[in-house]
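# Secondary and tertiary structure notes
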Amino acid sequence: MSDIGDPTFHCAVEYDVDVPCVSMIWKGYATSNQFREANERVLQEIQQRRSSKLLSDAKEFVLIGATDQNWLSSNWIPRVLQAGVRKIALVMPRFYFNRVAVDTVTQRLAQNTANDLVSIEYFESRDAARTWLSGA
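From a predicted model like this one, the values you see are computed outputs, not experimental measurements.

Procedures and definitions
Residues numbered from 1 in each chain as written. Predicted model: local features only at pLDDT ≥ 70, side-chain atom pairs only at ≥ 80, totals over all residues. Heavy atoms only, no water. Helix = DSSP H or I, 4+ residues; strand = E, 2+ residues; numbered from the N terminus. Buried < 20%, exposed > 50% of the residue type's maximum accessible area, 1.4 Å probe, protein only. Lys, Arg positive; Asp, Glu negative; His and termini not counted. Salt bridge = Lys/Arg side-chain N within 4 Å of Asp/Glu carboxyl O. Polar contact = N/O pair within 3.5 Å; in protein donor to acceptor, adjacent residues only side chain to side chain. Arc of directions from axis to C-beta. Contact = heavy atoms within 4.5 Å. Phe/Tyr/Trp six-rings, centres within 6.5 Å; stacked < 30°, edge-to-face > 60°. Lys NZ or Arg CZ within 6 Å of the ring centre and 35° of its normal. Patch = residues over 30% accessible without salt bridge, like charges linked within 9 Å, V, L, I, M, F, W, Y side chains within 5 Å. Areas by Shrake-Rupley, 256 points an atom, 1.4 Å probe, with all protein chains shown as cover. 1 Å grid on protein atoms, 1.4 Å probe; cavity = no way out; pocket = protein on both sides within 12 Å on 5 of 7 lines; lining within 4 Å. Points joined across faces, edges and corners; volume = space filled by probe spheres on them. Nonpolar A, V, L, I, M, F, W, Y, C, P; charged D, E, K, R; others polar.

## Topic: the side chain of Lys87
Mapped onto the elements, Lys87 comes out in strand 5 (residues 87-91). Salt bridges are absent for the buried Lys87, whose nearest opposite-charge side chain, Glu121, sits at 8.5 Å. One polar contact links the side chain of Lys87 to the main-chain carbonyl oxygen of Trp132, over a distance of 3.2 Å.

## Details of helix 4 (residues 126-134)
Within helix 4, the full set of buried residues consists of Arg126, Ala129 and Leu133. Down the axis, helix 4 shows its buried residues gathered within 60 degrees of arc, on one side only. For helix 4, the exposed residues lying more than 90 degrees away from the buried face are Asp127 and Thr131. Those residues of helix 4 hidden inside the fold are in contact with strand 2 (9-16), strand 3 (21-28), strand 4 (53-61), strand 5 and strand 6 (119-123).

## Digging into the packing of aromatic side chains
Pairs of aromatic rings are described using the distance from one ring centre to the other and the angle between the two planes. In total, this model carries seven aromatic pairs according to the counting rule given. Their ring planes at 35 degrees and their centres at 5.3 Å tell us that Trp26 and Phe35 sit as a pair that is tilted. Across the pair, Phe35 and Trp26 agree in class, each one buried. Considering the side-chain rings of Phe35 and Phe61, the 6.0 Å spacing of their centres and the 10 degrees angle between planes classify their relative orientation as stacked. One end of the pair, Phe35, is in helix 1 (residues 32-49); the other, Phe61, is in strand 4, and 26 residues separate them in sequence. Both residues of the pair, Phe35 and Phe61, belong to the buried class. Three or more aromatic residues link up through ring pairs in this structure, and these residues are Phe9, Trp26, Phe35, Phe61 and Trp71. Geometry around Trp132 places Lys87 over its ring, the cationic atom sitting 4.3 Å from the centre.

## Quick word on a nonpolar patch on the surface
A surface patch of nonpolar side chains, amounting to about 240 Å² of accessible area, comprises Tyr29, Val62 and Leu63. With respect to the helices and strands, the residue Tyr29 is situated in the loop between strand 3 and helix 1. On the basis of relative accessibility, which here comes to 45%, the residue Tyr29 falls in the partly exposed class.

## Looking at empty space enclosed by the protein
Using the criterion set out here, one finds one cavity of 30 Å³ or more in the structure. Of the voids in this model, the largest cavity is the one considered here, and its volume is about 300 Å³. Along the walls of the largest cavity sit 22 residues, with Met24, Ser56, Leu72, Trp76 and Leu90 positioned nearest its centre. Contributions of two or more residues to the lining of the largest cavity are made by strand 3, helix 1, strand 4, helix 2 (66-82), strand 5 and helix 3 (96-112). Here the residues of the lining of the largest cavity are counted per class, giving 19 nonpolar, three polar and no charged.

Shown next, in the form of structure tokens:
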């Protein structure tokens, strides 16, 4: 497990062998540099594990800024898909504006990706997300 953060930001990255999937748990508010550094660590874990499944728990993550939303859509997500991820489970943020940000990024992904390339589902709990990822 890898942890990137300071007192106001935390991102744990791990490999969940029981699912199996790469898992990231976001908490707090991240600067753009912190956010991108954490996402690069997630991508490295995906590549090292050759994982086709990703669980992103953003329940306690405060906000993804507009610039970082664009970076996710145009830069990071294409590299994640190229690395082989085909199922993404998102535990939705409890903070309204970050819910909107997550929705925006996934809508862009849906518009720019063949529907059969990746499956994305939203969840309110980590357990439900893990169960869905375990199902295939």
